[in-house]
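What follows is the residue order along each chain.
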There are 2 protein chains.
Amino acid sequence: MTDERPSEFELIERFFAPMAAPGAFGLLDDAACVSVPDGHDLVVSKDMLVADRHFFSHDPPALIAAKALRVNLSDLAAKGAVPLGFLLGLALAEDWQVDWLEAFSRGLAADAARYDIPLLGGDTVKAHGGTTLSVTVLGSVPKGRMVRRTTARAGDRLYVTGTIGDAALGLRLLQKPLPDWAIALDDAQRHTLIDRYHLPQPRNALAMAVQSHASAGMDISDGFVGDLSKLLSKAKLSARVKLDEIPLSSAARMAIAADPSLIEVALTGGDDYEIIIAVSPGEAEPFERLAGECGVTLACLGSTTGAGAQPLEIVDGEGRALSFNAQSFAHF
Amino acid sequence: MTDERPSEFELIERFFAPMAAPGAFGLLDDAACVSVPDGHDLVVSKDMLVADRHFFSHDPPALIAAKALRVNLSDLAAKGAVPLGFLLGLALAEDWQVDWLEAFSRGLAADAARYDIPLLGGDTVKAHGGTTLSVTVLGSVPKGRMVRRTTARAGDRLYVTGTIGDAALGLRLLQKPLPDWAIALDDAQRHTLIDRYHLPQPRNALAMAVQSHASAGMDISDGFVGDLSKLLSKAKLSARVKLDEIPLSSAARMAIAADPSLIEVALTGGDDYEIIIAVSPGEAEPFERLAGECGVTLACLGSTTGAGAQPLEIVDGEGRALSFNAQSFAHF
């Protein structure tokens, strides 16, 4: 099917202008103007997503749009930053269809409203081959308060939001052939895992708690084990985490019960977009209280200690250390 | 030739960290922190560039990097904004080589230093197929002073920087077969035109003059005629511009003398990255003086009047209106 494709300007007016910020001037100017609140720093992050590398080209376009925005929102959440706006770079597949773009922009607009992050601008071009997306997000924190990755201290408590491993297991369910363990899960459990792959749940509700109380934070994109190891090693710290304190969904537990080797997929597979937060003991009580008020589930994984033989040791119920072939998933 | 390709982290450390801003924390965090001066707005713009659409994949990598940054810098210049930093999204061609990336990052670092715009962050991934780039630039203006496209007033003087049409003619010289008119040019003239295609000369030196004195501004990316028409029509204005007042380089004049039909290529072909500025008569003298101090060449194209039958009329020496088949080049 071919259809009448709009020009770049018609396309901007029809699909993107409705979600634009006031300072974006209808997306008709060379640039957008953003007011950063006085006494605040700007926090900025950017991701690239390539079709059939970071998402499937046949994924529903609304989910592709939502994922592109949410993986960036997750970076803001981990830094304690409140969203100000985003820019979208879109290299459309050569065979793009108006229907695809309509569904894509509807998904994007829904998430822009949900997370209160207006569109500031961007660029739409035609790709050679498949779709490539680039989202840049802008947020703000009070001056000097951006929560960094490398600033955890010995004795800090380690927290993680939500549940770990669902997205990596969901990705396995989307690949061919369907793994044997899939039959151990009911439909609802399979959907839970697949949804977490398609639709990350960025923890922006926690941003104020992170900003006010965290000594370090990062989001988990490349796998829990590798990412927590990075947070620890850059701060010259270590931690010993009990396997049964790592939060898993009931769907993930069921999958791992059916195939115990999946624990490695869950802990190193990536695409979690949960956040790891280090909090000094004196800040733990107000941090937990504020997180509770935001409705974000937190698990405490114990505390950091000074540098050890390796930054992170994960131990089972008998105190035996687990070892993994790969610590994290390389998107590159 | 194949060679040992570094991991994403090695690649960041080796090629990109050296040009990173202090607030980018060595490019090892989820996000960068940017201080926008008190009393200033942020100005932000983003472009996508696709290999063999916006540049040739066999172009020297340093020139690809410089062009990607400069087309964005040009947007800041047109808005009167001073650069704060940039982010780079880089989807590397599947067959990328370390040598390519080394030359690319060297070109980028040279321009980041030249235009005093540090790297804040970004993302490096592997493309399916050819290279796709996305640059996001951040700049600042005093609050409420971003110069917009649509705010010219009747009676404003119209100025354009530099010379028009060189890049579009240079692009013709890079295409096969070599056009007949190429033999009318000497080597230096051919190089002048080709260089202007490869290496835009963004007018960031003029930013303070634009910020202080312009009533409207935009950069010319899609062609002089189409872009000036946009500036006029959105403000419900018109203008009559004499052909011999449009600034042309001696190389462009020589090409047009050899083939008079090239005037259309020069005025509608795009890739100029000069800027059009509207200035009220009372601001014209200080604007011209400040531009002179910055060393940026300006041509005055006359003044705007109220809305006419068409926003822009270009007339030759006998007062006859020129007409063009296409007003601008559609990159999309």
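Residues numbered from 1 in each chain as written. Chains lettered and ligands numbered in written order. Predicted model: local features only at pLDDT ≥ 70, side-chain atom pairs only at ≥ 80, totals over all residues. Heavy atoms only, no water.

## Points about the sheet that holds strand β7 (residues 214-219) of chain A
Residue and element names in this part refer to chain A. Within the open sheet, the four strands sit side by side as β7-β9-β6-β10. Their pairing is antiparallel. The strands lining the two open edges of the sheet, one partner per strand, are β7 and β10 (298-303). Pairs of neighbouring strands in the sheet enclose a mean axial angle of 20°, with direction left out of account. Two strands pair when backbone bridges link them, and strand β6 (residues 157-161) and strand β9 (residues 275-279) are joined in this way by four bridges, in the antiparallel orientation. When the bridges of β9 are listed, Leu158 appears paired with Ala278. Helix-sheet contacts for helix α7 (residues 224-234) involve β6, β7, β9 and β10, and the interaxial angle to β7 is about 145°. (Pairing = 2+ DSSP bridges. Helix = DSSP H or I, 4+ residues; strand = E, 2+ residues; numbered from the N terminus. Axes fitted to C-alpha atoms, helices over the stretch in contact; angles between N-to-C directions. Contact = heavy atoms within 4.5 Å.)

## Topic: the confidence of the model for chain A
Should pLDDT be low for a region, the predicted coordinates there are not to be read in detail. Residues at a pLDDT of 70 or more form 97% of chain A, whose mean pLDDT is 94. Both scores are given for the predicted complex: the pTM is 0.93, the ipTM 0.92. (pLDDT = per-residue confidence, 0-100.)

## Remarks on the packing of aromatic side chains
All names here are of chain A. Applying the stated criterion across every chain, the model contains six aromatic pairs over all chains. Ring centres 6.3 Å apart and planes at 55° place the aromatic pair Phe56 and Tyr197 in the tilted group. Residue Phe56 is located in the loop between β2 (40-50) and α2 (61-78), and its partner Tyr197 is located in helix α5 (residues 187-198); the two are separated by 141 residues in the primary sequence. Looking at Tyr197, the relative accessible area reads 5%, which means it is buried. Ring centres 5.1 Å apart and planes at 15° place the aromatic pair Trp100 and Phe104 in the stacked group. Taken together, the residues Trp100 and Phe104, both in helix α3 (residues 98-114) and four residues apart, mark about one turn of the helix. Residues Trp100 and Phe104 agree in their burial class; the two are buried. Over the aromatic face of Tyr197 sits the side chain of Lys67, whose NZ or CZ is 3.7 Å from the ring centroid. (Phe/Tyr/Trp six-rings, centres within 6.5 Å; stacked < 30°, edge-to-face > 60°. Buried < 20%, exposed > 50% of the residue type's maximum accessible area, 1.4 Å probe, protein only. Lys NZ or Arg CZ within 6 Å of the ring centre and 35° of its normal.)

## Notes on the nonpolar core
Formed by 98 residues in total, the largest nonpolar core has its most connected members in Phe16 and Phe104 of chain A together with Phe16 and Phe104 of chain B. Apart from the residues within four sequence positions on either side, Phe104 of chain B is in contact with Phe16, Pro61, Ala62, Ile64, Ala65, Leu88, Leu90 and Leu133 of chain B. (Core = buried A, V, L, I, M, F, W, Y, C linked by side-chain atoms within 4.5 Å.)

## What about the relation of the copies chain A and chain B?
Once chain A is rotated about the relating axis by 180° and shifted along it by 0.0 Å, it coincides with chain B to within an RMSD of 0.0 Å. The symmetry that links the two subunits is that of a two-fold axis. If distances are taken from each C-alpha of chain A to the rotation axis, the shortest is found for Asp38 of chain A, at 3.1 Å. Here 100% of the contact residues of chain A are again contact residues in chain B; the copies associate through an equivalent surface. (Least-squares fit on C-alpha atoms with pLDDT ≥ 70 in both.)

## As for the state of the cysteines
Two cysteines form a disulfide when their sulfur atoms are joined by a covalent bond. By the definition in use, this model includes zero disulfides over all chains. Sulfur of Cys33 of chain A: no disulfide; nearest cysteine sulfur belongs to Cys33 of chain B and is 20 Å away. (Disulfide = S-S within 2.5 Å.)

## Quick look at the environment of Ile64 of chain A
Residues and elements named next belong to chain A. With respect to the helices and strands, Ile64 occurs in helix α2. Judged by its relative accessible area of 3%, Ile64 is buried. In this structure, the C-alpha to C-alpha distance between Ile64 and Asp75, residues eleven residues apart in sequence, is 18 Å. In this structure, Ile64 is in contact with Phe55, Phe56, Ser57, Asp59, Trp100, Phe104 and Leu133, ignoring residues within four places of it in sequence.

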